[in-house]
Every structure is written in C-alpha cells, then in structure tokens.
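Coordinate analysis (summary)
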Amino acid sequence: MGFALTIAIRFLREGRFQSLLIIVGVAAGVAVVTYISALVEGLQGNTIRRTLGTQAHIVVKPFEEKSLPSLVARPGELVARDIQPRAQRPRSIDNWRSLATEIAATPGIVAVTPIAAGAGLAIRGEASRSVAMIGIELDSYDRIVALREKIIEGVARVAPGEAMIGQQLAEDLGVSIGERIVLRTGGEAADTFKVSAIFDLGNRDLNRRNVYITLKSAQSLFNIPGGVTNIYATVTELFSADHTAALLKQRTGADIESWMESNAQLLAALDAQTISTRLIRGFTTLVVMLGIASVLVVSVVQKRKEIGILRAMGATRAQMTRVFLMQGGIVGLVGSVLGAVLAKLLLWAFSMFVLGSDGKPLFMTELPLDLAVTVTLVATMCGVLAAAAPARSAAKLDPAQAIRL
Amino acid sequence: MSERAELLRMSGVCKSYGVGTPVAAEVLHSVDLAIGQGEFVALIGPSGSGKSTLLNIIGLLEPMSSGEYLLQGRSVASLSDTELTRCRSDTLGFVFQFHHLLPAFSALENVLMPAMIRTGRFSDADRQHGLSLLDRVGLKAAADKKPGELSGGMQQRVAIARALVRSSPLVLADEPTGNLDTHSADEVFALMRQFNRDEGTTFLIVTHDPRLAQRCDRIVELVDGRVRPTDVHDMAASKA
Ligand SMILES: Nc1ncnc2c1ncn2[C@@H]1O[C@H](COP(=O)(O)OP(=O)(O)OP(=O)(O)O)[C@@H](O)[C@H]1O
Ligand SMILES: [Mg+2]
C-alpha cells in the first residue's frame, strides 16, 4: 500500500492544475449532494416534528356511532338524539383501562395517556370562543406531547378547577394568569376555571383552540364519568407507528390510527421530495465519477513513460492498478472533505440569511456528522470505482512499448 | 568460458512483431547468446537490427516469440507476468538512453525506487545506501534535486546508481551514452566499468560508439536479427 500511496500522491501533485480542477469538481458535487440532503432532511424532520409536536403517534378512538339498534328499538325521548348522529356528547372508549394497559405492554410503545376531549365554548364576560376542551393527566400526557416545555407563562399544572390555555385564546378573551373563564359544552354543562398557565404550541390555530383541564373535569363536563374519548400512545420508531397501530388494531379490535395514516398526504409529499433528492444525488454522483474517470484516463496516457519505468523497475500490474485506484480514492476523499466543509458553510449561510417571518431561521439546518461521514466514505468509494477503468488500462500498458517512447 | 558461472543463455530466440497482421515482421532470427557472470559486454549493430528488442527480451520486458531463454539457469518462457516482474526486480537493473528518471521524485528517491517498489517505503537504511551510491557516482550534493534540474550526464549517473541499488547481478543499458557529449559519455562509461570491477556486476551495453565498444570485455554484434558468429571465441579471448 505504501508504494501505491506514495506514487499516487506524487502523480497527483505533479499534475497540479489537473488534480486541483478535479478535486474542486468533486468538492462542488459533494457540497451539492450534502447540502441538499441536509436541507431536505432538516426540512422533513422539521415538518414531522411540527406535525407531531401536538399529535400522538398512535391514537385510539371510540367506534363511530352507526345508528345503534338499541336507539331505534326504543322510541320516545331517545329518538331526538338519534336524529343527530354526531352527538354533542363525546363517546367514550369501552373498557379503556384494560386497553391502555395492553397498549402500554406492547413492544415499541413508550408512553400511553388517556384523553377526554370534546368541543365547547370558552367564555369570559361578553367574549366567547369555540374551543377544544382536553382533559388530561399532565404527567403521562407530557411524555407524549411535551406540554411543559411549551408553557410561556404561569405554572404547568392542571388541578381541579384550573385550565391551561393558549397564547391566542388568552389574547382573544383578554385573560391573564389567575383570572377565571367559563367553559361550556354543547350539552349546556358549564364550569368556571382559573387560568393556571398560558402555552405556545407553535401554531396559532392550536393556541386558539386547545384548552387543557384535568381528566376528571372533562369527564364531568362531557358527562362521561370515568370514561375517556381517546388513548394516546408514543412509539420508539416513528416510522413503524403504522405497523404497531395495525398490530394493536388486530389484537384488540379497537379503532386505532397512527400518525402516518392521519398524515398520509403529508407523507406522500415528503416521499416525492425524497425521490427528487435521490435523483439529484444520483446524477451528481454520476457526473462527478465521470469527471474523475476522464481525468485519470488522460493521466494514464500522460504517464505512460513513468508507468513503463516503474514496471521495468519491478512494479507489478497489481501495483500499477493500485496506484490509479488510490488516485481516484484520494481525489474522492480530499474532494469530499472540502465539499463537506463547503456544505457546512452553505447551511450556515442558509440559517443566517433565510429567515422566517419571526426573524428566526426557518428551521435548524446543521450538517449531521453521520451524513458528512457517509458522504465522505461514499465519495471515496466512488472515486476508487471511477478509477477502475483507467487503472486497468495502466496495468495493461506494455512496459517495453512505453519505454521505447 | 568455464571459469565464469553462466548468467544467461539464449538459444534460437526469435521475435516477430505484428503476427497475424499484414505488417508482420521477424526482427530477431534465432539468436544464440550466452553471458557469464561479471562480464562487461557491448551489443552493437546497425540501427533497426533489433538491439533494443533483444535487450527488452533479456530484460523480461517483452516476451520472445520462440526459442529458449535461461536466466540464472531458470527458463523464463513459462513464467507469469507477476513472476517475470519479481524476477526482473531481483535480477535486473536498467539504464535507458533518455535517462528515464521519474520527474516527480528527487535524485535520491529515483535511486531508491526499485527498493521502494518492494518495501513500500523509503527506509533510513535504504536512504543511507542510496546516498553512498550517489556519492560513488559523484552526485551526493544533488541528492535532493529533481531530474529536471540535472544535466543529461548527471541524470544518466543517477540512472546507473538506480540500476545498482538492489545489487542486481545484471544491468542492461540501452545506449546509455547516446545522448551525451564525449566527456560525459566517458564519465558514465567509466562508472559502469568501475562498478563491474568493484562489485562484479554484469553489464550488457548497447552502444553505437565503436570507441566505447572496444573498451568492453567482449563485443556482440547483431546483424539483421542474428548474432554475428565471430563473437563466439571473443569471450575466451577477452578474459582479462
Ligand atoms: N512494437 C513494434 N512493432 C513492430 N515493429 C517493431 C516494434 N518494435 C520494434 N519494431 C521494429 O523492430 C526492428 C528492430 O527495432 P529495435 O528498436 O530493436 O532496433 P535497434 O537495433 O534498437 O535500433 P536503434 O539502433 O535505432 O535503436 C525495427 O525495424 C523496428 O521498426
Ligand atoms: Mg534501440
């Protein structure tokens, strides 16, 4: 290896301008590939994070009410309810405690929390807004939707008679910490709550809609004593959520949906983006490899005499092959290290100059170390691969002919 | 002839180029040649007579078309390319007409190249050895210079040092003085003579210079692809 490395380095240094050009070419290609990959990875990661910031990976829902025969069979005051299939009163999940226990025991599930949620109005004085009242157990809920870290004012706490509301709702109603609001359901049940905390979920609509209260308060407001409307769960492997959900659904017979199903359109868009990125990566790699190969083909011709001398002095065909493979590898390695640095600068520039409306970077765009390492390894391998044909022709060169020149 | 161990023996060696093409030509017709260890032999002949071709075959740089060639008693006809290369590396040193040094390496590194090809590095011991060789060809001061900074005669002296770095028993020189002025040519020739005397290295030197050829132990003349028969008894006569 020492021989091949030494000769490869000297040959590259000797063809100064040529080597420089191709290394810059590789660097440019690697920078494009790395930059685009990091950007898209960052963008997709950010999109998914935002989507899942307020969503559970897996959600258990009550069964859709399909005109229950019991209601049809019994005429009277119940008929009036039957005419409105979307009952004001949220339905609760049967047997939710054993279901939650079973889900929690499933491999791949890291956290489970019960939810009692429904629509209603938040009222303060003359002002009222329609809201989603979400009854939670803060500790377990926080493990699924990190609510505590989104609190911007007050104390993260839901005690009986307390509510946490979003920034926008607080503005709309003109309430601040410690003041009271009335929450009323469609079913005319109402109660007064003291605002314990104000949060920012990073989304104005959610800040306007979500109101968090204790599970018990919600159960009594919605008149589902002891019941819950949903079970939320978090998985370890984000993208196996659909498998886990399908498995659970099959095992428990409950209506279970993963974030991947409820965001199918988003995921399809991300997939299309990923495919485009791959195409760009593939073509750039191809162009860079062709560049390396053509420079080395020329180099073999230029170095015929030197190759002949080395062969006469005892270098084997295999050694000459390695000299040129090594040159390809060095060009790939040096070019890709430069390219990675260039990509880092580009990403830095992106985060400095491409800002969102709030003056903050659109999203975090760092160059992940593993991406940089992967790109460098792949580029080095591609360099060696691109050198295969020139290396073969160098090895096949007839030393007697080369020396006669 | 019996006093010297035989270094190489060729019998009935033929070489054709372009076999199977309309321009096929036989360059060597049944060459018979024997060289003993420690000999200092001139190979002469008109241009195009096949001197370089013969030297390349002896140097295992190209294969013969037919015949038998024993190098150090070993038949080379059936050796693989890798075996030929190993054999070349262990047995043969080369000095070419146009210097043929590697321009990217210093004089010292050029001298060490045959060793580096085998070991993969320029070791300190090798460096010392290379420097002493450069000293003997009078170029110690130029050790770190690139070939481009040296005169033709100096480059050729570097090439001689390189041919000797692995103590190869046989050095093949193809018109080593062909590109040099008389003074430099004499210097280079004298160096080869000196190594022949001091180390017992065998030399086979192609030359167009009758003056230098006369100063060799023996002259082999190639005419129309054949060794001229007068040569045969020269060997015994030339023994000093
Ligand atoms: N690769 C080749 N293909 C075809 N013909 C060749 C090849 N190499 C050499 N020849 C021919 O072989 C003949 C001998 O060439 P060679 O170089 O051995 O002669 P030489 O005696 O060294 O001549 P010079 O004194 O000019 O160097 C020449 O006619 C040459 O044209
Ligand atoms: Mg010749």
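Being a predicted model, the structure only gives us computed values, none of them experimental.

1. Here we look at empty space enclosed by the protein
For the structure on display, the rule yields two cavities of 30 Å³ or more. Size it by volume and the largest cavity reaches roughly 100 Å³. Around the largest cavity, the lining is made up of 14 residues, and of these Met-313 of chain A together with Leu-92, Gly-93, Pro-114 and Arg-162 of chain B lie nearest the centre. When residues of the lining of the largest cavity are traced back to their parent elements, those giving at least two are helix H2 (81-91), strand E6 (92-95) and helix H5 (152-164) of chain B.

2. Some remarks on the packing of helix H12 (residues 264-302) of chain A against helix H16 (residues 388-396) of chain A
The packing of two helices is summarised by the inter-axis angle and the distance between the axes. Residue and element names in this part refer to chain A. One can describe the packing of H12 onto H16 by two numbers: an axis separation of 8 Å at closest approach and a directional angle of 15 degrees. Judged by the inter-axis angle, H12 sits roughly parallel to H16. Helix-helix and strand crossings are classified by hand; for H12 and H16 the assignment is right-handed. Where H12 approaches H16, its residues Ala-293, Leu-296, Val-297 and Val-300 are matched on the opposing element by Pro-390, Ser-393 and Ala-394. Across the contact of H12 with H16, the residue classes break down as six nonpolar, one polar and no charged.

3. Concerning the site of ligand 1
By nearness alone, 14 residues border ligand 1, and Gln-401 and Arg-404 of chain A together with Ser-47, Lys-51 and Thr-53 of chain B come closest of all. Residues near ligand 1 are shared among chains A and B, making this a multi-chain site. At a separation of 2.6 Å, a nitrogen atom of ligand 1 approaches a polar side-chain atom of Gln-401 of chain A. In the model, an oxygen atom of ligand 1 is placed 2.5 Å from a nitrogen or oxygen of the Ser-47 of chain B side chain. Burial of ligand 1 by the protein chains amounts to 64% of its free accessible area of 630 Å². Listing elements by their share of the shell around ligand 1, those giving two or more residues are helix H17 (399-404) of chain A together with helix H1 (51-58) of chain B. Element by element, the count of residues in the shell around ligand 1 is highest for H1 of chain B, at three residues.

4. Considerations on the sheet that holds strand E4 (residues 66-71) of chain B
All names here are of chain B. Strand order in the open sheet made by the four strands is E2-E1-E4-E5, with antiparallel pairing throughout. Pairing within the sheet leaves two strands with one partner each, and these edge strands are strand E2 (25-36) and strand E5 (74-75). Where E4 and E5 come together, two bridges link them in antiparallel fashion. Looking at the pairing, Leu-71 lines up with Arg-74 of E5.

5. Things to note about the sheet that holds strand E3 (residues 40-44) of chain B
The strands that make up a sheet pair up through hydrogen bonds in the backbone, lying either parallel or antiparallel. All names here are of chain B. Reading across the sheet, the six strands line up as E6-E7-E8-E3-E9-E10 and stay open at both edges, with mixed pairing between neighbours. With partners counted over all chains shown, the strands left at the sheet margins are E6 and strand E10 (226-227), one partner each. In this sheet, strand E7 (residues 170-174) lies alongside E6 in parallel orientation, the contact comprising four bridges. Considered in E7, the bridge of Gly-93 is made with Val-171. Against the sheet, H1 contacts E3, E6, E7, strand E8 (202-206) and strand E9 (218-223), and its axis sits at roughly 155 degrees relative to E7. Packed onto the sheet, H5 meets E6, E7 and E8 and runs at close to 175 degrees relative to E6.

6. Here's the deal with the packing of aromatic side chains
One pass over the full model with this rule turns up nine aromatic pairs over all chains. Between Phe-40 of chain B and Phe-189 of chain B, the ring centres sit 5.5 Å apart and the planes meet at 85 degrees, which makes this aromatic pair edge-to-face. Taken together, the positions of Phe-40 of chain B in strand E3 and Phe-189 of chain B in helix H6 (residues 182-199) put the pair 149 residues apart, joining distant regions of the chain. Neither Phe-40 of chain B nor Phe-189 of chain B differs from the other in exposure class; each is buried. Grouped by ring-pair contacts, the aromatic residues Tyr-141, Phe-199, Tyr-212 and Tyr-232 of chain A constitute a single cluster. Here the basic side chain of Lys-303 of chain A rests over the ring of Phe-11 of chain A, its NZ or CZ set 5.3 Å away from the ring centre.

7. Quick look at the pairing of strand E2 (residues 109-124) of chain A
Residues and elements named next belong to chain A. In terms of strand pairing, E2 meets strand E9 (residues 230-235) through six bridges, oriented antiparallel. Along E9, the bridge assignment pairs Val-112 with Ala-233. Sheet topology note: the E2/strand E3 (residues 127-136) ladder contains nine bridges and is antiparallel. Bridge pairing in E3 links Gly-118 to Met-133. Here E2 folds back onto E3, and the loop between the two strands holds two residues, one of which, Gly-125, carries a positive phi near 60 degrees. Where E2 and strand E6 (residues 180-185) come together, four bridges link them in antiparallel fashion. Across the sheet, the residue bridging to Leu-121 is Arg-184, located in E6.

8. Remarks on the interface of chain A and chain B
The interface is formed by 24 residues belonging to chain A together with 28 residues belonging to chain B. Together chain A and chain B conceal approximately 2,300 Å² of surface at their shared face, both sides included; 62% is due to carbon and sulfur atoms. Three residues stand out in chain A for area buried against chain B, namely Arg-10, Met-313 and Arg-404 of chain A, and they jointly supply 27% of the buried area on that side. At the boundary of chain A and chain B, one finds three salt bridges. Its salt-bridge partner being Asp-81 of chain B, residue Arg-311 of chain A comes within 3.2 Å of it at the nearest N-O pair. The interface formed by chain A and chain B holds nine residue pairs in polar contact (both at pLDDT 80 or more) in total. Looking at the side of chain A that touches chain B, the elements with two or more residues in it are helix H1 (2-14), helix H13 (304-312), helix H14 (317-353) and H17 of chain A. Tallied by class, residues from the side of chain A that touches chain B come to eleven nonpolar, five polar and eight charged.

9. Re the pairing of strand E7 (residues 190-199) of chain A
All names here are of chain A. Relative to E7, strand E4 (residues 151-154) is paired through three bridges, and the arrangement is antiparallel. Within E7, the position partnered with Ile-151 by the bridge is Phe-199. Both strand E5 (residues 162-166) and E7 contribute to a ladder of five bridges, which runs parallel. Counted as the bridge partner of Ile-165 is Ile-198 from E7. Both E6 and E7 contribute to a ladder of five bridges, which runs antiparallel. In the strand pairing of E7, Val-182 is matched with Thr-192. Hairpin remark: E6 followed by E7, antiparallel, with four residues in the connecting loop; positive phi at Glu-188, about 70 degrees.

Definitions and limits used
- Residues numbered from 1 in each chain as written.
- Chains lettered and ligands numbered in written order.
- Predicted model: local features only at pLDDT ≥ 70, side-chain atom pairs only at ≥ 80, totals over all residues.
- Heavy atoms only, no water.
- 1 Å grid on protein atoms, 1.4 Å probe; cavity = no way out; pocket = protein on both sides within 12 Å on 5 of 7 lines; lining within 4 Å.
- Points joined across faces, edges and corners; volume = space filled by probe spheres on them.
- Helix = DSSP H or I, 4+ residues; strand = E, 2+ residues; numbered from the N terminus.
- Axes fitted to C-alpha atoms, helices over the stretch in contact; angles between N-to-C directions.
- Parallel < 35°, antiparallel > 145°, perpendicular 65-115°, else oblique.
- Left-handed = near helix turned anticlockwise from the far one by under 90°.
- Contact = heavy atoms within 4.5 Å.
- Nonpolar A, V, L, I, M, F, W, Y, C, P; charged D, E, K, R; others polar.
- Near = heavy atom within 4 Å.
- Polar contact = N/O pair within 3.5 Å; in protein donor to acceptor, adjacent residues only side chain to side chain.
- Areas by Shrake-Rupley, 256 points an atom, 1.4 Å probe, with all protein chains shown as cover.
- Pairing = 2+ DSSP bridges.
- Phe/Tyr/Trp six-rings, centres within 6.5 Å; stacked < 30°, edge-to-face > 60°.
- Buried < 20%, exposed > 50% of the residue type's maximum accessible area, 1.4 Å probe, protein only.
- Lys NZ or Arg CZ within 6 Å of the ring centre and 35° of its normal.
- Buried area = accessible area lost by both parts, 1.4 Å probe.
- Salt bridge = Lys/Arg side-chain N within 4 Å of Asp/Glu carboxyl O.

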